[in-house]
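Close look at the chain arrangement
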Amino acid sequence: MRWSQLFAPTLREAPGDAEAASHKLLVRGGFIRQLHAGHYSMLPLGWKVHQKVAQVVRDEINAIGGQEFLLPTMHPASIWQASGRWDTMGEIMFRLEDRRGNATALGITHEEIFATVASELNSYKQLPQVWYHIQTKFRDEARAKAGLLRVREFHMKDSYSFDVDAAGLDVAFDNHDRAYRRIFERLGIPAFGVEASSGAMGGTDSVEFMTPSPAGEDDVARCPSCDYAANIEKATSALPPIEAGETAELEKFPTPGVRTIAALEEFDGGAPAIDQLKTLVMVLDGTTTLVVVRGDHQLNLQKLIDATGAIEIRPANPEETVAALGANPGSLGAVAVTDHPVIVDLSLEGRVNMTTGANEDDFHYRGVSVERDLQVGQWTDLREVSAGEACPRCGTPLEIVRCIEIGHIFKLGTGFSETFGATISSQEGDIVPIVMGSYGIGIGRNMAAVAETHHDDKGLVWPVSVAPFEAVITVMKIDDEATMNAAELLYDDLRHAGVDVVLDDRDARAGVKFADSELVGIPFRLTVGPRGLKDGNVEYTVRSTMETVDVPLESAATTVIHAVHAAKAVPHGGIGV
RNA sequence: CGGGAAGUGGCCUAGUUCGGCUAAGGCGCCUGCUUUGGGAGCAGGAGAUCGGGAGUUCGAAUCUCCCCUUCCCGACCA
């Protein structure tokens, strides 16, 4: 490719509405342009990177036996109704009608479609299978953000494994786990797996792959000493034991004006937060429910969703709260409440002599024994872990890290195969549902994650594995015949060696060409100009370090070819190169 | 959906408080000359329904109302 013909509209300044580093740089570098919120045009450079990321993913999934499909993106409502997700997916799914009035949806994922295809499997002899596709998914995200990190239309590789039994699924799952780690290595993304909430699908094992970034949207609790890491929606910690203390009589006492945990701590006759019960009134699928955590703890909503299976979940509004308990927030409690379900966090097991609202404005109870005084319907882990709490495995203080979720693998089980009749005859002659696994990785998001973790003050620093070009030949003086001839020869040599190279033959000043090559982030640069050629040299610059050395013209192409091959060969596909 | 901010040539901004001549500057783009190893200099030029609509006014980028869009925080998000 000749840069003079390349459509790469670089900008000196990022658009004012870009915030995340990857967003700014991908726009400035001429990789992407926004059409509207959550929808981006991939310009030639962006599409090249995107395709290279997809190819790395494709390679690794092929390597574990994956077979690639192309599936419809527009789905009939009926298939989503069959799985029950037409209703449970809510507003995330784009829905439309065709000319005949048939309800239709744009695919947000493809479990239903693959399960339908899988209904043609009929014998254990055909298994295992790993099927995947890399296609556009549509999600009507309430809030698209941060450039390519969260969009409404994006390419995703999702694969599905089909096995006879749970042991087979374990193998497919582990294969994907390893494939994903290789993918992130090749992309140069520092990634680690975390325990995750399996969400509405209710799978068993669920691992999210994360990379630390301030532009991320997930918080991860991670142990600096051992390998414990979990999404905050799933994370637990070891709390210091609390001495049981003396059981006391339940006693209502006046607390005029006290409406908060903090105020009750200060109040004469109150109690420290650790000895208080925090009662939250939530509406779970229409059922008003009391959720109780320790006074100094935060409720994690996802944990409540996972524990209850609720689909729609929200805090009760003030009117509902008063109607349910007869008091306003600030004086609420679950003592002796029997007409609403009560869900209590595990950290409150065995606690006595606690203080909580009395469901009467300006009154609290003290001397509360949780088991004695609350009608606990469900004990479960509900509280959100905080930084500094002890690792549940080794006791080291946990850190909370902001991360981008770059992949998710989990065990689906037999739900979909039962629904869609994907059953097989087992070796024993029984008809059994196929055991499925589901494995997703967003292509554009991973592209953004690479950008997010590979840039400096000059611009992007792509790993060779996904760089828009592997090398650039920067011509200092296009009207100098010797210079242009030397550059053309290098260009030919590199192309013939299979290097993805761009010849910067633009009639532009040196500074412009240097700045563009650095902004775009091309890993290797050969600078050809009269100054070096006078001594038979060209300059060789490595983008990641910006180290520049003179190399003889005759060996310049070889230098680049070796560098490209070396970067692609090692598993750490170009990190630091 | 709740809270906040913002829409002015392709990009970044000024002007809006307190209405007033032809909407200003930088980058980019085009032409010419000069320059030529780190985003050049000089001269000239093109390019704007000031997000849209309605209203107030002699007069609206500026004031009022309605709407649209975008960004940020939260909610939400296999």
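Residues numbered from 1 in each chain as written. Chains lettered and ligands numbered in written order. Predicted model: local features only at pLDDT ≥ 70, side-chain atom pairs only at ≥ 80, totals over all residues. Heavy atoms only, no water.

**Quick look at the overall build of chain A**
The helix and strand tally for chain A stands at 16 helices and 31 strands. If one aligns the C-alpha atoms of chain A with their principal axes, the spans along those axes are about 95 × 65 × 50 Å. For chain A, the residues scored as buried account for 51% of the 577 residues in total. Pairs at least 24 apart in sequence give 69% of the contacts found in chain A among residues at least 6 apart. Accessible area for chain A stands at about 25100 Å²; split by element, carbon and sulfur atoms hold 50% of it. (Helix = DSSP H or I, 4+ residues; strand = E, 2+ residues; numbered from the N terminus. Buried < 20%, exposed > 50% of the residue type's maximum accessible area, 1.4 Å probe, protein only. Contact = heavy atoms within 4.5 Å. Areas by Shrake-Rupley, 256 points an atom, 1.4 Å probe, with all protein chains shown as cover.)

**Here's the deal with the sheet that holds strand β13 (residues 251-254)**
Either a parallel or an antiparallel arrangement is found when strands of a sheet pair, and the pairing is made through backbone hydrogen bonds. Across the sheet, 3 strands lie side by side as β13-β19-β18; this open sheet has antiparallel pairing. The sheet is open, and its two edges are formed by β13 and β18 (354-357), each paired on a single side. Averaged over all neighbouring strand pairs, the angle between strand axes comes to 30°, with direction disregarded. (Pairing = 2+ DSSP bridges. Axes fitted to C-alpha atoms, helices over the stretch in contact; angles between N-to-C directions.)

**Some points on the sheet that holds strand β15 (residues 287-294)**
Spatially, the 5 strands line up as an open sheet ordered β16-β14-β15-β17-β20, and their pairing is mixed. The strands lining the two open edges of the sheet, one partner per strand, are β16 (313-315) and β20 (378-380). Averaged over all pairs of adjacent strands, the angle between their axes in this sheet comes to 30°, without regard to strand direction. As judged from the 3 bridges shared by β15 and strand β17 (residues 342-345), these two strands associate in the parallel manner. For Val292, the partnering residue across the bridge sits in β17 and is Val344. Relative to strand β14 (residues 277-284), helix α8 (residues 301-308) is tilted by about 60°, and along the sheet it contacts β14, β15, β16, β17 and β20. Its contacts with the sheet put helix α9 (residues 318-325) on β14, β15 and β16, and the angle it makes with β14 is roughly 110°.

**Digging into the pattern of salt bridges**
Summed over the entire model, instances satisfying the criterion amount to 34 salt bridges. Arg150 serves as the salt-bridge partner of Glu141, at 3.2 Å between the closest nitrogen and oxygen. Assessed through its relative accessible area of 12%, Glu141 is described here as buried. One salt bridge connects Glu399 with Arg222, and the closest N-O pair in it is separated by 3.5 Å. (Salt bridge = Lys/Arg side-chain N within 4 Å of Asp/Glu carboxyl O.)

**Quick word on the protein's contact with RNA strand B**
Among the 43 residues in the neighbourhood of RNA strand B, the closest are listed as Arg12, Arg143, Arg150, Glu518 and Glu539. Sugar and phosphate atoms represent 52% of those atoms of RNA strand B found within 4 Å of the protein. Arg28 is positioned with one of its side-chain polar atoms (N or O) 3.5 Å from a base oxygen of RNA strand B. Those elements that provide at least two residues to the surface near RNA strand B are β1 (32-36), β21 (399-413), α14 (510-520), β29 (524-528) and α15 (530-533). The biggest single contributor to the surface near RNA strand B is α14, with 7 residues. (Near = heavy atom within 4 Å. Polar contact = N/O pair within 3.5 Å; in protein donor to acceptor, adjacent residues only side chain to side chain.)

**Brief notes about the nonpolar core**
For soluble globular proteins, nonpolar side chains are generally found buried alongside one another. One finds Leu26, Phe31, Tyr180 and Trp462 to be the most contacted residues of the largest nonpolar core, which totals 60 residues. In terms of residue count, helix α6 (residues 166-187) provides more of this core than any other element does, 8 residues in total. Of the residues that make up this core, three or more belong to each of domain 1 (45-218 + 404-452) and domain 3 (462-569). Formed by 28 residues, the second largest nonpolar core is a distinct cluster that contains Ala471, Val501, Leu503 and Ala563. (Core = buried A, V, L, I, M, F, W, Y, C linked by side-chain atoms within 4.5 Å. Domains from an automatic or database assignment.)

**Here we look at the packing of helix α13 (residues 481-496) against helix α16 (residues 553-569)**
Two elements in contact, α13 and α16, have axes whose closest approach is 10 Å; the angle formed by their N-to-C orientations is 35°. The hand of the α13/α16 crossing is right-handed. Residue-level inspection shows Ala486, Leu490, Asp493 and Leu494 of α13 in contact with α16, the latter providing Leu553, Ala556, Ala557, Val560 and Ile561. A class-by-class count of the residues in the contact of α13 with α16 yields 8 nonpolar, no polar and 1 charged. (Left-handed = near helix turned anticlockwise from the far one by under 90°. Nonpolar A, V, L, I, M, F, W, Y, C, P; charged D, E, K, R; others polar.)

**Regarding the domain arrangement of chain A**
Partitioning chain A into structural domains gives domain 1 (45-218 + 404-452), domain 2 (251-380) and domain 3 (462-569). For domain 2 and domain 3, the distance between their C-alpha centres works out to 67 Å.

**Looking at the side chain of Ser123**
Within the fold, Ser123 resides in the loop between α5 (111-118) and β7 (129-138). Judged by relative accessible area, which is 16%, Ser123 ranks as buried. A distance of 2.9 Å separates a polar side-chain atom of Ser123 from the backbone nitrogen of Lys125. Not counting chain neighbours up to four residues away, the residues in contact with Ser123 comprise Ile424 and Ser425.

**Digging into the pairing of strand β27 (residues 471-475)**
It is a general feature of regular strands that their side chains alternate between the two faces of the sheet. Most of β27 is tucked away: 5 of the 5 residues are buried. Here β27 shows two buried faces, one formed by Ala471, Ile473 and Val475 and the other by Val472 and Thr474. Sheet topology places β27 next to strand β28 (residues 501-504); 4 bridges connect them, and they run parallel. Its bridge partner being in β28, Ala471 is matched across the sheet by Val501. In this fold, β27 hands off to α13, which returns the chain to β28; that crossover is right-handed. (Right-handed = clockwise from strand over helix to strand, strands pointing away.)

**Notes on α16**
The end-to-end C-alpha distance of α16, which contains 17 residues, comes to 25 Å, matching closely the 24 Å that a straight helix rising 1.5 Å per residue would cover. The set of residues buried in α16 consists of Ala556, Ala557, Val560, Ile561, Ala563, Val564 and Ala567. Across the axial projection of α16, the buried residues extend over an arc of 160°, all falling on one side. Opposite the buried face of α16, at more than 90 degrees from it, the exposed residues are Glu554, His562 and Ala569. Turning to α16, the residues buried within the fold contact β27, α13, β29, β30 (537-542) and β31 (547-552). (Expected span 1.5 Å × (residues − 1). Arc of directions from axis to C-beta.)

**Observations concerning the packing of aromatic side chains**
The tally for this structure, following the rule as stated, stands at 12 aromatic pairs. A ring pair is formed by Phe173 and Tyr439, whose centres lie 6.5 Å apart and whose planes are at 50°; its orientation type is tilted. Within this pair, whereas Phe173 is found in helix α6, its partner Tyr439 is found in strand β24 (residues 435-442), the two being separated by 266 residues in sequence. Comparing Phe173 with Tyr439 shows no difference in burial state: the two are buried. Note on Tyr180 and Phe184: the rings are 6.1 Å apart at their centroids and 90° apart in plane angle, and the pair reads as edge-to-face. Of this pair, Tyr180 and Phe184 both sit in helix α6, 4 residues apart, which is roughly one turn of the helix. Linked through ring pairs, Phe69, Phe114, Trp131, Tyr160 and Phe162 together constitute an aromatic cluster. (Phe/Tyr/Trp six-rings, centres within 6.5 Å; stacked < 30°, edge-to-face > 60°.)

**A closer look at the packing of helix α2 (residues 44-63) against α6**
Packing of α2 against α6 leaves a shortest axis separation of 9 Å and a crossing angle of 150°. Comparing their axes, α6 and α2 come out roughly antiparallel. The way α2 lies across α6 gives a crossing that is right-handed. Contact with α2, carried on its side by Val53, Val56, Val57, Asp59, Glu60 and Ile61, involves His176, Ala179, Tyr180, Arg182, Ile183, Arg186 and Leu187 of α6 and no other residues of that element. The residue inventory of the contact of α2 with α6, partitioned by class, reads 8 nonpolar, 1 polar and 4 charged. (Parallel < 35°, antiparallel > 145°, perpendicular 65-115°, else oblique.)

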